[in-house]
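Here are the chains, one letter per residue:
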Amino acid sequence: MQGRKGLLAIAVLAVLVLAGLAAGRRRHVPREPWPPAVAPEDQGAPELSAEESLKMIVVPPGYRVELVAKEPLVEDPILIDFDADGRMWVVEMPAFAMGEQMQDSRDGICRVVVLEDLDDDGSMDRRTVFADKLVLPRAIKALATGVLVGEPPHLWRMRDTNGDLRMDEKELVSDTFGRLEGNPEHNANSLIWGLDNWLYTSEHDWHLRFSSGGFEVMPTLNRGQWGGSIDDAGRVYRNVNNSPLFVDFTLARYFMRNPNVVQTRGLYESLISLEDAEVWPVRPTRGVNRGYRDQVFRPDGSSRILQSAGTPVVYRGDRLPAELRGGVFVTDVTTNMLHWFVIDDDGGGRLTARNGFPAGEIFASRDERLRPVSAASAPDGTLYVVDMYRGVVQDAAYQTEYLQDYIRRNQLAQPINRGRIWRLVHETTRRDRKPALSKQAPAGLVPYLGHPNGWWRDTAQQLLVQRGDRAVVPALKELLRSAPDWRTKLHALGTLGGLSALDVPTLQPLFSDPSPDVRAWAIRWSEPWLAERGHPLAVAALRLMDDPHWTVRRQLAASIGELSTAARLEPALAMLQRYGGDPITVDAVVSGLAGMEADVLGRLLQGEGNADAAEAVAMLTGALARSSAPAAVPPVLEQAGTTSRPLWQRRALLRGLDAGLTGGERGARLPAAARPLTRMTSEPGEIGTLAKAVAAKLDWPGKPVARVAVPPLTADEKARFETGRKLYGNLCLSCHGPDGRGRDHQAPSLVGSPLLVGDAGIPTRVMLAGKEGDVGLMPPLAVLTDDEIASVLTYVRREWGNAASAVEPDAVKEIRGLTRLRTRPWSAEELREAAR
């Protein structure tokens, strides 16, 4: 008997050992001290198998990484999404940085593939090519039937009609999703389904709204660069390059109401500075565009800052430790890691981000070729990391000479056609079961709106909205009434809204809900009724003006613009007088006052006024100055020039004019503007300084400033100008904008830039070698020909009111020869010296 028990024990032990060995082949448990040491400089960058690379990943104690898929099952992955049954949809981009020359291919060699885990063991078993022959696709969203695929300039709705997981039908949603010629690092991407059933994009000028079974293109403001996600309250998170994390407190669509708003604070609001977002790679990371900048590297060669922030993913799962939930995980391909931000709420709705660890990273690799290009909060409750696995992740068009030399020395250009998908788990993790939501009847989907994992809640809402079955409306209203979790209520609201089933009795109780997020969304979903003067929902919304939570007040500030014109002035004025010290509230209110700015401004300036409204005065003045009504400027100058007026008002008026005026075209018709403005320029202190700045942007007959004679362009120069316009749209527009005014935290304005409109040799140097700046790096574009650089410079030096001379290709050729040994981007001081 004992012998049989002994044999049984040995057999059990053998099974456990074999199971452990099998698990060891696809997961790695770290055994080194924490925080970890940085690998030595001379380790090299050899290509590693997935199993070898797994051993190079370092995670905190208690965590481990598991291999979900590897080549040949997946190759060159850049994005993943999960359908209702948990199948993984992967965008593969082998066309990026191909060959030793690292050139992008616009041949149709990219794909969308579907990976399936047939036995639910956590590893993918089967690959099916859903769609191939694609050109640099950049976005994917799984739908109830089929998927949306972004392949600039096309956005397709692709379907499999016979169940073989291969696309056999596609419908064009839009042919303006980015640009075919656009650089892969700067083109339309992201399809983030929000709680309001809009799909939010990054680096693009429109979103989508799902309605009546289709998708409607909705113009927006371009924000973000690569990827994004939403949190449980529906706020959208994005980022750009080395600016770590931004959130939308205010929707872009509100700012679209008023083209004259000067600022859009609350939209794409920074949560942490680059300097505060300190990172801890586990290997030397000098192989980046600015690897020569010693000040951002430690003595061991590891970067202190994020070098290529992308794909901010809010972890909304339920199978990792609670401290991670609601945190944002940002990929950084160049430093081979995933960085964790904790999102802090001050208790009133004002958010900030901080590093999850004082030292160390949630996921970091010593394998230089492991490239986390994106991540996803998954159906099984964990966090997935998409690894493109290659040596080069900086597009050749933007590589500095320093980086090109680094790539050559370390032989990083080859190979490509590799790829891995990793899963981050904890020792407490028990993966959730594989979903089968496509088979659920609508009534069976409703309970999933209360699931603890955000992926299940999102997917249930999206399926219910896309199916459009209103038979579930009573169950949704009951869920909205009785659910204990505010997150469930937001999804019930979103589903009812998507089914066009919201009504006044359903919304009215939500204005007194304990959750500030529910109260804010109640205001937002009530907007269709707010235009009706005296409507009960409008009355209920306005009662929340003194709500203790900023989330509610800021939403009301934006929604006031949906009231009827007659009903809008008084609440807008009250909001600005009470909360004028909050820039986000100010800009939200001003966004809804198109054509009413002068009336509200006049009321704010009555008597001594409230100095806390200075920001509101400035922004209203700026909107007036930016409008097409030249008659608005002289009265403002008269008010600012009245010395008996409170000093705070005069400063705010001038600050607003300075922010809103864009050039001299309005002032030429305003001869009366000269008198008060001339007087103010001679005043001491801030008034004189501001007045001089305003005067520089106005023109009037007799102004004692030499007018610039703009030489007409020759026929050849005009052709060069038009070529430059097209090149600008492909290479420069995403950072510097269609109006040349740049983008916050990314690129400076080109309008009137002294470095641009002065000696043409200076911007030529910048285009050839790049430029360091306070805002960010202008990447070198030396890959362009002399003709192409001359065309771009001719365009930007003569557009948006700039009046500089055209640039000749021979002049570019000369500068290229003079600076051929330049290996680093220029600094502003070096360019000033070059100009001298």
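Rules used in this analysis
- Residues numbered from 1 in each chain as written.
- Predicted model: local features only at pLDDT ≥ 70, side-chain atom pairs only at ≥ 80, totals over all residues.
- Heavy atoms only, no water.
- Helix = DSSP H or I, 4+ residues; strand = E, 2+ residues; numbered from the N terminus.
- Rg over C-alpha atoms; globule rule 2.2 N^0.38 Å.
- Buried < 20%, exposed > 50% of the residue type's maximum accessible area, 1.4 Å probe, protein only.
- Contact = heavy atoms within 4.5 Å.
- Phe/Tyr/Trp six-rings, centres within 6.5 Å; stacked < 30°, edge-to-face > 60°.
- pLDDT = per-residue confidence, 0-100.
- Pairing = 2+ DSSP bridges.
- Axes fitted to C-alpha atoms, helices over the stretch in contact; angles between N-to-C directions.
- Salt bridge = Lys/Arg side-chain N within 4 Å of Asp/Glu carboxyl O.
- Arc of directions from axis to C-beta.
- Polar contact = N/O pair within 3.5 Å; in protein donor to acceptor, adjacent residues only side chain to side chain.
- Patch = residues over 30% accessible without salt bridge, like charges linked within 9 Å, V, L, I, M, F, W, Y side chains within 5 Å.
- Areas by Shrake-Rupley, 256 points an atom, 1.4 Å probe, with all protein chains shown as cover.
- Lys, Arg positive; Asp, Glu negative; His and termini not counted.
- Charge placed at Lys NZ, Arg CZ, Asp CG, Glu CD.
- Parallel < 35°, antiparallel > 145°, perpendicular 65-115°, else oblique.
- Left-handed = near helix turned anticlockwise from the far one by under 90°.
- Nonpolar A, V, L, I, M, F, W, Y, C, P; charged D, E, K, R; others polar.

1. Details of the overall build of the chain
Summing up its helical and strand segments, the chain has 28 helices and 27 strands in all. Since a compact globule built from 836 residues should have a radius of gyration of about 28 Å, the 29 Å found for the chain is in line with a globular shape. Over its C-alpha atoms, taken along the principal directions, the chain stretches across nearly 110 × 75 × 50 Å. Per-residue burial for the chain yields a buried fraction of 61% across its 836 residues. A separation of at least 24 residues holds for 65% of the contacts in the chain among residues at least 6 apart in sequence.

2. Comments concerning the packing of aromatic side chains
Note on aromatic pairs: each is described by the distance of the centres and the angle between the planes. In this structure the tally under the stated criterion is 20 aromatic pairs. Look at F82 and Y384: their rings are 5.4 Å apart centre to centre, the planes differ by 90°, and that puts the pair in the edge-to-face class. You can see F82 sitting in strand β4 (residues 77-82) and its partner Y384 sitting in strand β26 (residues 383-387), a full 302 residues away along the chain. Each member of the pair F82 and Y384 is classed as buried. The interplanar angle of 80° and the centroid separation of 5.7 Å between the aromatic rings of Y292 and Y402 together place this pair among those described as edge-to-face. A residue pair is termed long-range when its members are at least 10 positions apart, and Y292 in the loop between β19 (269-272) and β20 (309-314) and Y402 in helix α4 (residues 401-410) qualify at 110 residues.

3. A short note on the confidence of the model for the chain
Per-chain confidence: the chain averages 90 in pLDDT, with 92% of residues scoring 70 or above. Here residues 1-25 is a poorly scored stretch, pLDDT under 50, and it has 2 contacts once near neighbours within four places are set aside; other chains count. In the model, residues 664-668 has pLDDT below 50 throughout and makes 13 contacts with residues more than four positions away in sequence or in other chains.

4. Structural notes on the sheet that holds strand β13 (residues 198-202)
Taken together, the 4 strands give an open sheet; going across it, the order is β12-β13-β14-β15, and neighbouring strands pair in antiparallel fashion. With partners counted over all chains shown, the strands left at the sheet margins are β12 (189-193) and β15 (214-219), one partner each. Each strand of the sheet is rotated relative to its neighbour by a mean of 25°, with strand direction disregarded. Bridge count for strand β14 (residues 206-211) against β15 is 6 bridges, and the pairing is antiparallel. If you follow R209 over to β15, its bridge partner there is E216.

5. Regarding the pattern of salt bridges
Taken as a whole and judged by the stated rule, the model has 56 salt bridges. A salt bridge links D232 to R457; the shortest N-O distance between them is 2.8 Å. Highlighted residues: D232 in the loop between β16 (229-230) and β17 (236-240) and R457 in helix α6 (residues 454-467), separated in sequence by 225 residues. In this structure, D232 and R457 share a single accessibility class: buried. The closest approach of N and O atoms between D380 and R431, which form a salt bridge, is 3.7 Å. Separated by 51 residues along the polypeptide, D380 in the loop between β25 (372-377) and β26 and R431 in the loop between β27 (420-426) and α5 (442-445) bring together distant segments of the chain. Judged by relative accessible area, which is 5%, D380 ranks as buried. In this structure R431 comes out as partly exposed when scored by relative accessible area, which is 26%.

6. Quick look at helix α27 (residues 809-818)
Where α27 is concerned, the buried positions are P809, V812 and I815. Projected down its long axis, α27 shows its buried positions confined to an angular sector of 120°, all on one face. In this structure, α27 carries D810, K813, E814 and L818 as exposed residues pointing more than 90 degrees from its buried face. On its buried face, α27 is in contact with α22 (715-731), α25 (761-769) and α26 (786-798).

7. Observations concerning the environment of E203
With respect to the secondary-structure elements, E203 resides in the loop between β13 and β14. Accessibility expressed as a relative area gives 4% for E203, which makes it buried. Placed 333 residues apart in sequence, E203 and P536 show a C-alpha to C-alpha distance of 39 Å.

8. Some remarks on unusual backbone geometry
Each neighbour pair has its own omega, and for W34 with P35 the value is -5°, a cis peptide bond. Mapped onto the elements of the fold, P35 is located in the loop between β1 (27-28) and α2 (50-55). The omega angle of the peptide bond from E71 to P72 is 5°, so this bond is cis rather than trans. Along the chain, P72 falls in the loop between β3 (63-70) and β4. Not every positive phi belongs to a glycine, and A97 is a case in point at roughly 50°. Along the chain, A97 falls in the loop between β5 (88-92) and β6 (110-116). Although it is not a glycine, D120 sits at a positive phi angle of roughly 55°. Relative to the helices and strands, D120 is located in the loop between β6 and β7 (126-134).

9. Overview of the environment of R524
One can find R524 in helix α10 (residues 516-525). On the basis of relative accessibility, which here comes to 14%, the residue R524 falls in the buried class. In the structure, R524 is positioned 189 residues away from T335 in sequence and 40 Å away in space, judged by C-alpha atoms. Setting aside residues up to four positions removed in sequence, R524 forms contacts with D196, Y200, L251, R253, Y254, Q555 and S559.

10. Brief notes about the side chain of R235
Positionally, R235 belongs in the loop between β16 and β17. Among the polar contacts listed, one links the side chain of R235 to the side chain of D231, at a separation of 2.8 Å. Those residues within four positions of R235 in sequence are excluded, and the remaining contacts are S229, I230, V247, D248, F249, L351, D517 and T551.

11. Comments concerning a negative patch on the surface
A surface patch of like charges, here negative, comprises D119, D120, D121 and D125. The topology assignment puts D119 in the loop between β6 and β7. Classification of D119 by relative accessible area gives partly exposed; the value is 49%.

12. As for the environment of T689
Here T689 shows up in helix α21 (residues 685-695). Through-space distance from the C-alpha of T689 to that of L654 is 9.7 Å; in sequence the pair is 35 residues apart.

13. Quick look at the side chain of K489
Relative to the assigned elements, K489 resides in helix α8 (residues 486-498). K489 has contacts with L480, A483, D513 and V518, leaving out every residue within four places of it along the chain.

14. Side note on the packing of helix α14 (residues 565-579) against helix α16 (residues 597-604)
Contact pair α14 / α16: the axes reach a minimum separation of 10 Å and the direction vectors enclose 50°. Considering the angle they form, α14 stands oblique to α16. Like other packed secondary-structure pairs, α14 and α16 cross with a definite hand, here right-handed. Judged by residue contacts, L569, E570, L573, L576 and Q577 of α14 engage D599, V600, R603 and L604 from α16. In terms of residue class, the contact of α14 with α16 is built from 5 nonpolar, 1 polar and 3 charged.

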